[in-house]
Amino acid sequence: MATTLISSRSACEARPAAELAIDRHGAVNRPDLAYTEEVARETAPIYEKVKHIIPAIEWPALAPTIHAINKLKKERNAVILAHNYMTPDIYHGVADVVGDSLQLAIEATRTSADVIVQCGVHFMAETSKILNPSKTVLIPDSRAGCSLAESITAEDVRGLRERNPGVPIITYVNTSAAVKAECDICCTSSNAVEVVESLGVDRVFLIPDKYLAANVARKTNVEVLIWDGACEVHERFTAQELRDYRKIDPDVKIIAHPECPPEVVEEADFAGSTKHMIDWVKEKKPAKVMMITECSMADNVASETPGVDYIRPCNLCPHMKRITLSKILDALIEMKEEVTVDPAVAGLARRAVERMINLKS
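Residues numbered from 1 in each chain as written. Predicted model: local features only at pLDDT ≥ 70, side-chain atom pairs only at ≥ 80, totals over all residues. Heavy atoms only, no water.

- Per an unreviewed UniProt entry, the protein chain goes by Quinolinate synthase and derives from Pannonibacter anstelovis.
- One UniProt comment on the protein chain, placed under Function (unreviewed entry), says "Catalyzes the condensation of iminoaspartate with dihydroxyacetone phosphate to form quinolinate."
- What UniProt states about the protein chain under its Catalytic activity (unreviewed entry) heading is, verbatim, "iminosuccinate + dihydroxyacetone phosphate = quinolinate + phosphate + 2 H2O + H(+)". (UniProt positions renumbered as here; feature names shortened; annotations may be inferred.)

What follows is the structure in structure tokens.
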């Protein structure tokens with residue numbers, strides 16, 4: 001279906017000041033980070049999962065922090081939610097739940113933990129807080145932002161409504177709580193087509209990712225209006241790159257994320273969310289595969305799919321990479337950096353997120 005492009009202006013939503021949580025949860029001593037026999041023994045099963053990507057010489061530097069985090073999160077009754085783009089030491093070493101944005105949003109509603117540590121970017125932590133207003137939500141580095149979230153503001157959404165009365169506005173989860181509060185429903189890359197078609201209308205806005213919206217528009221008869229935002233990682237891939245890779249190795253299977261430009265998606269053998277990409281590899285078990293997405297995902301999936309050779313074109317997300325083991329440990333010790341959302345904004349944003357989560361119920 002044809003799409004209409006709406007221009008954007010880049011602006012960051014103001015984030016609420018983090019409230020100190022140490023008084024509520026109490027102080028703990030900073031652990032000794034020596035690489036002892038106990039640490040080596042208890043982290044050995046974890047190293048088996050990551051030895052394909054982390055050299056043995058580096059493990060003694062990582063293992064004590066992993067061991068300390070895993071002990072401390074039990075003491076804090078904390079759960080660590082980690083996006084598929086986290087580095088392998090986090091993804092396999094300390095995460096309790098891993099997945100794409102939709103999976104993490106759903107799991108955030110199910111946890112009985114008192115503390116949620118969100119290993120991803122800021123809008124993911126806000127989503128966890130929106131769904132768990134009474135829990136403490138921490139992000140190890142509040143500077144972990146997102147080019148998509150920063151491409152649109154709540155004011156921009158209000159302007160769209162004024163100029164286009166009656167047209168539903170769907171927001172990709174890669175937006176601030178304030179933007180979600182102004183929209184009708186959220187979506188992720190894994191359910192965007194379903195969300196668009198669930199509204200029963202002929203025309204919708206799908207903001208802010210122009211490439212995701214354009215890729216969705218090709219799969220539905222609903223007219224999709226587009227905002228001019230993009231992921232700084234996925235927009236750097238080109239169709240010519242993929243064609244060049246195929247010339248080098250005609251047998252390689254190429255799978256891409258729908259935040260990539262449509263011509264890249266067209267060139268790929270499969271396109272889907274990070275979860276769908278992982279599921280595709282596990283089901284198809286190709287001899288060689290190239291994941292056209294953020295670097296770390298191939299590292300994480302490789303340990304779960306023995307026999308598959310991964311060719312890694314590398315575009316790193318600088319925001320995701322702000323989250324490190326040492327910052328996770330600091331967050332749990334000092335109960336920082338806490339994510340808060342204004343209750344009035346959170347209530348409206350929660351409605352949009354829950355409408356997405358409850359689509360099939």
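Describing helix H5 (residues 101–108)
Part 1 of the argument: Burial in H5 covers these residues: Ser-101, Leu-102, Leu-104, Ala-105 and Ala-108. Projected onto a plane normal to the axis of H5, the buried residues spread over an arc of 165 degrees and lie on a single side.
Part 2 of the argument: Contacts from the buried residues of H5 go to strand E2 (78–83), strand E3 (97–99), strand E4 (115–119), helix H6 (122–131) and helix H16 (343–357). (Buried < 20%, exposed > 50% of the residue type's maximum accessible area, 1.4 Å probe, protein only. Helix = DSSP H or I, 4+ residues; strand = E, 2+ residues; numbered from the N terminus. Arc of directions from axis to C-beta. Contact = heavy atoms within 4.5 Å.)

Remarks on the UniProt feature "binding site: iminosuccinate" (unreviewed entry) in the protein chain
Part 1 of the argument: The UniProt feature table records "binding site: iminosuccinate" (unreviewed entry) at His-83, Ser-101, Tyr-172, Val-173, Asn-174, Ser-189, His-257, Pro-258, Glu-259 and Thr-274.
Part 2 of the argument: Position of His-83 among the secondary structure elements: in strand E2.
Part 3 of the argument: Discounting chain neighbours no more than four positions away, the residues touching His-83 are Tyr-91, Gly-99, Asp-100, Ser-101, Leu-104, Cys-119, Gly-120, Met-124, Thr-274 and Met-320.
Part 4 of the argument: With respect to the element layout, Ser-101 can be found in helix H5.
Part 5 of the argument: For Ser-101, a relative accessible area of 16% puts it in the buried group.
Part 6 of the argument: Contacts of Ser-101, omitting those with residues within four sequence positions, involve His-83, Phe-123, Met-124, Val-173, Asn-174 and Thr-188.

Things to note about helix H15 (residues 325–334)
Part 1 of the argument: Those residues of H15 not exposed but buried are Leu-325, Ile-328, Leu-329, Ala-331, Leu-332 and Ile-333.
Part 2 of the argument: Among the structural elements, helix H1 (22–25), helix H3 (59–75), E2, helix H4 (88–91), E4 and strand E5 (136–138) are those in contact with the buried residues of H15.
Part 3 of the argument: The positive-phi residue at the C-terminal boundary of H15 is Met-335, with phi of around 55 degrees.

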